[in-house]
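Here's the letter readout for the chains.
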Amino acid sequence: EPEVTQTPSHQVTQMGQEVILRCVPISNHLYFYWYRQILGQKVEFLVSFYNNEISEKSEIFDDQFSVERPDGSNFTLKIRSTKLEDSAMYFCASSEYRDRVSEQYFGPGTRLTVT
Amino acid sequence: GESVGLHLPTLSVQEGDNSIINCAYSNSASDYFIWYKQESGKGPQFIIDIRSNMDKRQGQRVTVLLNKTVKHLSLQIAATQPGDSAVYFCAESPNSGYSTLTFGKGTMLLVSP
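The model shown is predicted, which means the values in this text are computed figures rather than measured ones.

Another point: the overall build of chain A. Across its full length, chain A carries zero helices and 11 strands. In chain A, the order of α-helices and β-strands from amino to carboxyl end is β-β-β-β-β-β-β-β-β-β-β. Whereas a compact globule of 115 residues would reach a radius of gyration of roughly 13 Å, chain A reaches 13 Å, a difference of no more than 12%. Considered along the principal axes of its C-alpha atoms, chain A spans approximately 35 × 25 × 25 Å. Across chain A, the fraction of contacts at a sequence separation of at least 24, relative to all contacts at a separation of at least 6, is 55%.

With that settled, the discussion passes to the pattern of salt bridges. Evaluated as defined, the whole model comprises four salt bridges over all chains. As a salt-bridge pair, A:R36 and A:E44 come within 3.1 Å of each other at their nearest N and O atoms. Given a relative accessible area of 11%, A:R36 falls into the buried group. Exposure remark for A:E44: the relative accessible area of 26% places this residue in the partly exposed category. Across the pair B:R61 and B:D84 runs a salt bridge, and its minimum N-O distance is 2.9 Å. One end of the pair, B:R61, is in the loop between β6 (56–58) and β7 (62–67); the other, B:D84, is in the loop between β8 (72–77) and β9 (86–93), and 23 residues separate them in sequence.

This paragraph deals with the state of the cysteines. Counting across every chain of the model gives two disulfides over all chains. Note that A:C23 is cross-linked by a disulfide to A:C92, the S-S spacing being 1.9 Å. Its S-S torsion of approximately -65 degrees makes the covalent link between A:C23 and A:C92 left-handed. Pair noted here: A:C23 is in strand β3 (residues 19–24) and A:C92 is in strand β9 (residues 88–95), with a separation of 69 residues, a long-range link. Residue class for A:C92 comes out buried when judged on its relative accessible area of 0%. Two residues share a disulfide in this structure: B:C23 and B:C90, whose sulfurs sit 1.8 Å from each other.

Let us now look at the nonpolar core. All names here are of chain A. Counting 21 residues, the largest nonpolar core has W34, L46, F61, V67, F75, L77 and Y90 as its most contacted members. Secondary-structure elements contributing two or more residues to this core are β3, β4 (31–37), β5 (43–50), β7 (65–68), β8 (75–79), β9 and β11 (110–114). Apart from residues no more than four positions distant in its own chain, L46 is found in contact with W34, Y35, R36, E56, K57, S58, I60, F61, L77 and Y90.

The next subject is the packing of aromatic side chains. All told, the structure shown has 12 aromatic pairs over all chains when counted by the stated rule. When the centroid spacing of 5.7 Å and the interplanar angle of 70 degrees are considered together, the rings of A:Y35 and A:F45 count as edge-to-face. You can see A:Y35 sitting in strand β4 and its partner A:F45 sitting in strand β5, a full 10 residues away along the chain. A:F45 matches A:Y35 in its accessibility class, with the two residues each being buried. Put simply, the rings of A:Y35, A:F45, A:F106, B:Y36, B:F89 and B:F103 touch in pairs and so form one group of aromatic residues.

Scoring rules and cut-offs
Residues numbered from 1 in each chain as written. Chains lettered and ligands numbered in written order. Predicted model: local features only at pLDDT ≥ 70, side-chain atom pairs only at ≥ 80, totals over all residues. Heavy atoms only, no water. Helix = DSSP H or I, 4+ residues; strand = E, 2+ residues; numbered from the N terminus. Rg over C-alpha atoms; globule rule 2.2 N^0.38 Å. Contact = heavy atoms within 4.5 Å. Salt bridge = Lys/Arg side-chain N within 4 Å of Asp/Glu carboxyl O. Buried < 20%, exposed > 50% of the residue type's maximum accessible area, 1.4 Å probe, protein only. Disulfide = S-S within 2.5 Å. Core = buried A, V, L, I, M, F, W, Y, C linked by side-chain atoms within 4.5 Å. Phe/Tyr/Trp six-rings, centres within 6.5 Å; stacked < 30°, edge-to-face > 60°.

Below, the structure written as structure tokens:
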């Protein structure tokens, strides 16, 4: 069964450093998403991406964040200058269709720890 | 702001019992609801969904009930198994064609053999 993969599984970084979280969506999917989950809290939508541009973004997704599809398989989330409050699980998801919310497939997540 | 929430943070059941996980929502404009399962170390996994024009939907061993009058959503799991142990989230979307979701906090389901 195809699945979304994410690397690394755990990233530790110092405050102020840049991090890039990587995702490989399911190969025939066209829509890509990032979510985050601060420990013990709700999953929160960050951004959706289609056709090489951002479709929607939340208030959380400020100028410190950027997304990119650098090639035909990877989808990345970059945080330019990490803050302590960026520590969270970051989930990538992909879907074949935009309108079928139920068909978003989530990756296992990257745990980001900012020290 | 309006939000989705859960009544019970932890539910412990015996293997073979039926489980009921509840969720309250406050956005009357919500049109579409999803239940997710999240096992330890994994991302959310879709279980079942329901639209606001329905009050019940059944899947394999799972049933979702929607009571729009009291803005309440529940997930029923029949014959609960140890493999059902996980955190269960409800999520809502005000527009079924919309790709963003608002998630609830989650309920931990613990199934004892």
